[in-house]
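One-letter residues, chain by chain:
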Amino acid sequence: MDRLGYTAMTAANRTMTSLQVHANNLANVNTTGFRADLEQSNALAVNGYGYDTRHMAQVQNNGISLSQGPLMPTGRELDVAIKGKGLIALESGNGEVYTRNGNMQITPDLQLTINGRPVMGEGGPIQLPEYDRLHIGSDGMVSVQPRGEAMMTEVGRIKMVDVAAADLIKDATGMLITKSGQPAPIAEDSVLVSGHLEGSNVTAIDQLVATMSLNRLFETQVKMMKAAEDLSQSGNRMIRGS
Amino acid sequence: MSSALWVSKTGLAAQDKAMATVANNLANVNTTGFKSDRVVFEDLFYAIEVQPGAQADQINTVPSGIQLGSGVRVAGTQKVFTDGNLQPTGQPMDLAIIGSGFFQVESPGGEVFYTESGQLQLNAEGVIVNTQGLPLVPAIEVPNGSKSFTVGSDGMVTAILPGETLPAELGQITLVNFTNPAGLEALGGNLYRETISSGEPVEGIAGEEGMGTIKQGVLEGSNVQVVEAMVSMIAIQRAYEANAKVLDAASGMQQFLNQTV
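Residues numbered from 1 in each chain as written. Chains lettered and ligands numbered in written order. Predicted model: local features only at pLDDT ≥ 70, side-chain atom pairs only at ≥ 80, totals over all residues. Heavy atoms only, no water.

Student: What is the right way to read the overall build of chain B from this model?
Tutor: Assigned secondary structure in chain B consists of 2 helices and 19 strands. At 27 Å, chain B has a C-alpha radius of gyration far larger than the 18 Å of a compact globule built from 261 residues. Dimensions of chain B along its principal axes, counting C-alpha atoms only, are 95 × 45 × 35 Å. A burial count over chain B gives 46% of its 261 residues as buried. Long-range contacts, defined as pairs at least 24 residues apart, comprise 62% of the intrachain contacts of chain B with a sequence gap of at least 6. Counting only carbon and sulfur atoms, one obtains 54% of the accessible surface of chain B, whose full area is about 12500 Å². Positive and negative side-chain charges of chain B, numbering 11 and 26 respectively, have mean locations separated by a distance of 10 Å. (Helix = DSSP H or I, 4+ residues; strand = E, 2+ residues; numbered from the N terminus. Rg over C-alpha atoms; globule rule 2.2 N^0.38 Å. Buried < 20%, exposed > 50% of the residue type's maximum accessible area, 1.4 Å probe, protein only. Contact = heavy atoms within 4.5 Å. Areas by Shrake-Rupley, 256 points an atom, 1.4 Å probe, with all protein chains shown as cover. Lys, Arg positive; Asp, Glu negative; His and termini not counted. Charge placed at Lys NZ, Arg CZ, Asp CG, Glu CD.)

Next comes the structure, spelled out in structure tokens:
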């Protein structure tokens with residue numbers, strides 16, 4: 001049997017999987033703080049007995065794009081966006097997770113949360129007192145004016161970390177985690193902007209162009225499958241001698 | 001079947017919901033005391049086909065796995081409690097809260113609802129009610145024929161009663177605040193109800209302990225920014241189109257495969 005058909009099949013398969021990655025990026029084009037997934041494929045040798053029979057194409061998730069998304073002013077004091085490098089640390093059941101989504105909420109028991117996960121301070125989740133006014137500084141320092149008092153007091157500093165894109169992966173819920181599973185150290189120089197949210201860093205144009213190119217690539221692969229079929233048919237005809 | 005089809009379908013559905021929210025905001029651009037809604041998007045779960053960091057063999061690890069996202073969903077809508085524009089009306093019964101805080105009104109069932117709309121009137125009994133006729137809490141009665149109705153910045157209500165020359169105190173309008181106002185349940189008609197996530201209402205006097213002050217003769221308009229709503233409308237529309245394009249591409253691939261092979 002000819003192997004060409006199978007090789008073309010793996011390539012067509014790869015195209016469809018890649019399309020899903022781009023479809024997911026585009027679906028999240030308006031998701032606050034979303035980081036685009038990158039995708040690439042590589043050649044995978046299929047080992048035979050002593051020699052390689054063929055090479056298949058295989059999709060490989062090539063990590064996450066950490067490029068800056070657009071900052072959008074919201075005017076809400078609990079919205080924060082990171083300018084430049086950095087990630088906000090949150091507490092989850094299995095250690096720390098990281099996000100660029102700065103849409104903070106206060107729980108009735110006065111904890112700062114994002115997506116239902118407590119926001120980490122330098123020494124654990126940030127717990128607020130009953131307060132009248134709240135301010136978040138550019139270094140992540142949260143200060144409040146406790147109820148009935150005149151002066152602002154500092155209650156904690158939002159933990160921001162700086163992890164290289166190559167060391168980050170997404171967990172099943174879409175939060176960023178470190179590859180090693182170890183919590184990342186605090187980055188001192190990350191800059192927060194209060195009253196803003198960072199949009200998704202997906203550029204619709206890039207994703208659409210990738211979609212179109214994958215579409216054409218798929219057609220090419222299917223043509224190759226058809227060519228493989230034609231080849232084996234003419235081979236059969238030759239053997240039959242008709 | 002191609003899962004890209006389903007992923008872009010979630011994108012279309014989420015953008016559609018976002019558009020409904022923006023439409024509602026724009027529809028209420030002139031509603032007194034209306035607070036705009038904001039859609040919160042969240043990416044759906046990731047199918048991790050190959051775990052990154054897994055051992056490929058005894059020596060090598062897989063450098064990066066394959067994680068396929070499955071789309072987007074609307075995680076919820078949030079009320080944004082920024083201040084609206086103040087519109088002077090000159091009407092003595094129009095009150096606005098400058099800063100945070102809610103008025104309380106009582107439903108016929110005895111439940112207390114919260115509102116930021118201070119468009120008040122008197123009912124047949126002379127009791128101060130909101131536009132739906134629900135009495136303010138604490139209830140304040142203005143005797144028939146009273147003159148120069150005045151509400152102080154701390155909510156103190158005074159008026160000159162018939163046959164008197166000096167103003168008399170009729171009561172004090174108190175305000176309430178919540179730990180997490182975004183967690184209030186919007187009932188429509190500018191009314192909110194407390195929920196577990198909003199926390200308990202904290203009652204106080206206007207101007208004290210973080211409560212806003214009350215201003216008479218002014219109404220707080222909606223906090224919807226028309227230009228902002230228009231821009232997000234365009235962004236949503238374009239995102240919808242882009243997702244529709246991917247849907248088309250995924251379906252085109254299937255079609256081509258079916259026709260060719």
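Structure's up, so let's keep going.
Student: Help me understand the pairing of strand β5 (residues 87-92) of chain A in this model?
Tutor: The side chains of a regular strand alternate, first on one face of the sheet and then on the other. Residues and elements named next belong to chain A. Direction of pairing for β5 relative to strand β15 (residues 160-161): antiparallel, over a ladder of 2 bridges. For isoleucine 88, the partnering residue across the bridge sits in β15 and is methionine 160. Bridge analysis of β5 against strand β6 (residues 95-99) gives 5 bridges, and the strand direction is antiparallel. Across the sheet, leucine 90 pairs through a bridge with valine 97, a residue of β6. (Pairing = 2+ DSSP bridges.)

Student: Even after reading the chapter, I still don't get the confidence of the model for chain B, so can you show me in this structure?
Tutor: Do not read the fine detail of predicted coordinates wherever pLDDT is low. Taken over all residues, the pLDDT of chain B has a mean of 88, while the share at 70 or more is 93%. Listed scores for the predicted complex are pTM 0.84 and ipTM 0.80. (pLDDT = per-residue confidence, 0-100.)

Student: Sorry if this is basic, but what is going on with the sheet that holds strand β13 (residues 168-172) of chain B here?
Tutor: Pairing between sheet strands relies on hydrogen bonds along the backbone, with the strands arranged either parallel or antiparallel. Residues and elements named next belong to chain B. Across the sheet, which stays open at both edges, the 3 strands sit in the order β11-β12-β13 with antiparallel pairing between neighbours. Each edge of the sheet is formed by a strand with only one pairing partner; in this case those strands are β11 (147-151) and β13. On average, adjacent strands in this sheet sit at an angle of 20 degrees to one another, irrespective of strand direction. Pairing of β11 with strand β12 (residues 156-160), which is carried by 3 bridges, proceeds in the antiparallel orientation. When the bridges of β12 are listed, lysine 147 appears paired with isoleucine 160. (Axes fitted to C-alpha atoms, helices over the stretch in contact; angles between N-to-C directions.)

Student: Help me understand the interface of chain B and chain A in this model?
Tutor: The extent of an interface is frequently quoted as the accessible surface area lost upon association of the parts. At the junction of the two partners, chain B supplies 54 residues and chain A supplies 50 residues. Where chain B meets chain A, there are 1 salt bridge. As a salt-bridge pair, arginine 38 of chain B and aspartate 79 of chain A come within 2.7 Å of each other at their nearest N and O atoms. Our count for the chain B to chain A interface comes out at 15 residue pairs in polar contact (both at pLDDT 80 or more). Secondary-structure elements contributing two or more residues to the side of chain B that touches chain A are α1 (3-27), β1 (37-43), β2 (46-50), β3 (66-69), β4 (72-79) and α2 (226-260) of chain B. Examining the composition of the side of chain B that touches chain A, we find that 14 residues originate from one element, α2 of chain B, more than from any other. (Salt bridge = Lys/Arg side-chain N within 4 Å of Asp/Glu carboxyl O. Polar contact = N/O pair within 3.5 Å; in protein donor to acceptor, adjacent residues only side chain to side chain.)

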